[in-house]
Each structure stands twice: as structure tokens, then as C-alpha cells.
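Each chain, written out:
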Amino acid sequence: SNYFIIAGADGRGAIVTRYGNSSSADVWPLGGEGEQPPWMRVQTNVDHWVSADTGAYATQRRQRVVDSLVAVGASAVSSESLLQIYLIDQAKVGAENRTVPEDTGVILRPSTIATLILDPRNEESELDPRYWRIWKSTPRILPPNASTLEVPRETGSVIAV
């Protein structure tokens with residue numbers, strides 16, 4: 001499937017839409033009902049209607065992003081906080097026995113080749129390279145650590161993990 005995230009420059013709207021691999025089109029707008037707060041949409045490698053409780057592939061990763069964004073709060077989300085959440089490379093406590101190593105609650109995946117945080121309010125000439133990562137080698141994923149916080153805590157607009 002192909003996922004397209006479309007965000008309004010005025011900050012009032014965004015949708016995630018999916019199409020491909022003989023699947024039907026799916027449009028998932030902000031403000032809709034579901035397991036996620038109405039101000040966010042988090043998409044990973046699993047359909048958004050598949051609950052994290054099922055243990056399906058990529059649901060733990062998605063739920064950790066949702067929990068992290070809730071901890072930051074809608075009014076404090078920034079490019080910096082989004083990047084800090086995305087760069088979580090420590091497996092979640094309790095994920096030691098997961099059989100799919102890519103779904104241990106780690107947000108950054110070993111297969112990642114590039115990461116870009118873009119703000120639709122900015123002009124193309126204002127793209128900020130501080131929020132880009134091009135990986136020269138495979139990112140290292142760390143095992144769970146009991147001293148690691150489950151959810152990042154807010155420190156201004158920056159996430160501390």
C-alpha cells in the first residue's frame with residue numbers, strides 16, 4: 001500500500017489516505033473517532049483500525065508514538081518533539097519476548113534510510129535541515145532498559161527520553 005499524509009498549511013486539517021496492493025482506498029481525517037485522540041493521526045505498517053491490543057505487527061510501535069504525543073500534548077508538538085519521538089531507539093520494557101524484533105515499541109526502524117520532518121506552513125526555501133536525517137548505516141536498536149521511561153516527558157517543546 002501507499003500512504004499519503006496531507007496536512008493543511010493553516011493547521012486545521014490533515015488526512016492519511018491509503019491506496020494500493022489491491023486494497024480499497026481509505027481516508028482517515030483528523031477529528032474522526034477511533035483509538036487515537038482527534039488531534040493526531042499516527043500511521044505505521046498496520047491499518048489504523050487494527051487495535052494495539054491485538055498484538056498485530058507494528059501496533060506496539062504505533063501505540064508508543066501515540067502515547068508519546070499525548071505526553072507532549074497537542075499545544076506543545078513541534079518539529080523538535082516529533083523528531084525526538086521518531087528517534088526513540090530503545091525497546092519498550094515488556095517487549096523482550098516479542099517475536100517480531102521491529103515491533104518492540106522502538107519507533108526508529110533498522111530499515112530506515114531517511115527521515116524528514118516537514119511543516120506545511122513553511123515555504124520550500126524555509127526547509128530546516130536540523131529535522132532531516134539521512135542514515136549512512138543501519139540505525140542501532142537498543143534492548144529494553146528498566147530505567148528507560150515508557151513515555152517521554154515534556155521539557156518545554158523538547159521530548160526527554
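Keep in mind the model is a prediction, meaning the values are calculated, not measured.

Visitor: Would you explain the overall build of the protein chain in this entry?
Guide: Counting secondary structure elements, the protein chain contains two helices and seven strands. Secondary structure of the protein chain in N-to-C order comes out as β-β-β-α-α-β-β-β-β. Counting only residues that meet the buried cut, the protein chain has 35% of its 161 residues in that class. Sequence separation of 24 or more characterises 48% of the internal contacts of the protein chain that already satisfy a separation of 6 or more. Carbon together with sulfur atoms contributes 53% to the accessible area of the protein chain, which is approximately 9,600 Å² in total.

Visitor: What should I look at first to understand the nonpolar core in this one?
Guide: Within soluble globular proteins, side chains that are nonpolar tend to cluster in buried spots. Counting residues in each nonpolar core, the largest one holds twelve residues, listed as Met 40, Val 42, Val 65, Val 66, Leu 69, Val 72, Ala 76, Ile 85, Tyr 86, Ile 88, Ile 107 and Leu 108. Of all the elements in the fold, those that place two or more residues in this core are helix H1 (59-72) and helix H2 (79-86). Filtering out sequence-adjacent residues up to four positions away, Leu 108 remains in contact with Tyr 86, Leu 87, Ile 88, Asp 89, Trp 135, Pro 139 and Ile 141.

Visitor: Please explain the side chain of Thr 44 as it appears in this structure.
Guide: Mapped onto the elements of the fold, Thr 44 is located in the loop between strand E3 (23-29) and H1. A polar atom in the side chain of Thr 44 sits 3.1 Å from the backbone oxygen of Ala 58.

Visitor: When you look at H1 in this model, what are you seeing that I'm missing?
Guide: Along an α-helix, a turn takes 3.6 residues, which lines up residues three or four apart on a common side. The end-to-end C-alpha distance of H1 is 20 Å, a good match for the 20 Å that 14 residues give at a rise of 1.5 Å each. With ten of 14 residues buried, H1 is to be regarded as a mostly interior element. For H1, every residue scored as buried is listed here: Thr 59, Gln 60, Arg 61, Arg 62, Arg 64, Val 65, Val 66, Ser 68, Leu 69 and Val 72. Looking one or two residues beyond H1, the residue adopting positive phi is Gly 73, at roughly 95°.

Visitor: I would appreciate a short explanation of the pattern of salt bridges in the present structure.
Guide: Think of it this way: side chains of opposite charge can pair up when their charged atoms draw near. Within the structure shown, the criterion is met by one salt bridge. One salt bridge in this structure joins Asp 128 and Arg 130, with 2.5 Å as the shortest N-O distance. Judged by its relative accessible area of 22%, Asp 128 is partly exposed. Residue classification places Arg 130 among the exposed positions, given a relative accessible area of 55%.

Visitor: I would appreciate a short explanation of a nonpolar patch on the surface in the present structure.
Guide: A cluster of nonpolar residues, Trp 39, Val 70, Val 77 and Leu 82, forms a patch on the protein surface that exposes about 290 Å² of accessible area. Checked against the element boundaries, Trp 39 lands in the loop between E3 and H1.

Visitor: How should the environment of Ile 117 be read in this particular structure?
Guide: Considering the arrangement of structural elements, one finds Ile 117 in the loop between strand E4 (114-116) and strand E5 (132-134). When its relative accessible area of 16% is taken as the criterion, Ile 117 is described as buried. Expressed as a C-alpha distance, the spacing of Ile 117 and Ser 79, which sit 38 residues apart in the sequence, is 6.3 Å. If we ignore the near neighbours within four places in the chain, the residues touching Ile 117 are Ser 79, Leu 82, Leu 83 and Tyr 131.

Visitor: Before we go on, may I ask you to explain the environment of Pro 129 in this structure?
Guide: As for its position among the elements, Pro 129 is in the loop between E4 and E5. On the accessibility criterion, Pro 129 (55% relative accessible area) is exposed. Counting along the chain gives 13 residues from Pro 129 to Leu 116, while the straight-line C-alpha distance between them is 8.5 Å.

The rules we used
Residues numbered from 1 in each chain as written. Predicted model: local features only at pLDDT ≥ 70, side-chain atom pairs only at ≥ 80, totals over all residues. Heavy atoms only, no water. Helix = DSSP H or I, 4+ residues; strand = E, 2+ residues; numbered from the N terminus. Buried < 20%, exposed > 50% of the residue type's maximum accessible area, 1.4 Å probe, protein only. Contact = heavy atoms within 4.5 Å. Areas by Shrake-Rupley, 256 points an atom, 1.4 Å probe, with all protein chains shown as cover. Core = buried A, V, L, I, M, F, W, Y, C linked by side-chain atoms within 4.5 Å. Polar contact = N/O pair within 3.5 Å; in protein donor to acceptor, adjacent residues only side chain to side chain. Expected span 1.5 Å × (residues − 1). Salt bridge = Lys/Arg side-chain N within 4 Å of Asp/Glu carboxyl O. Patch = residues over 30% accessible without salt bridge, like charges linked within 9 Å, V, L, I, M, F, W, Y side chains within 5 Å.

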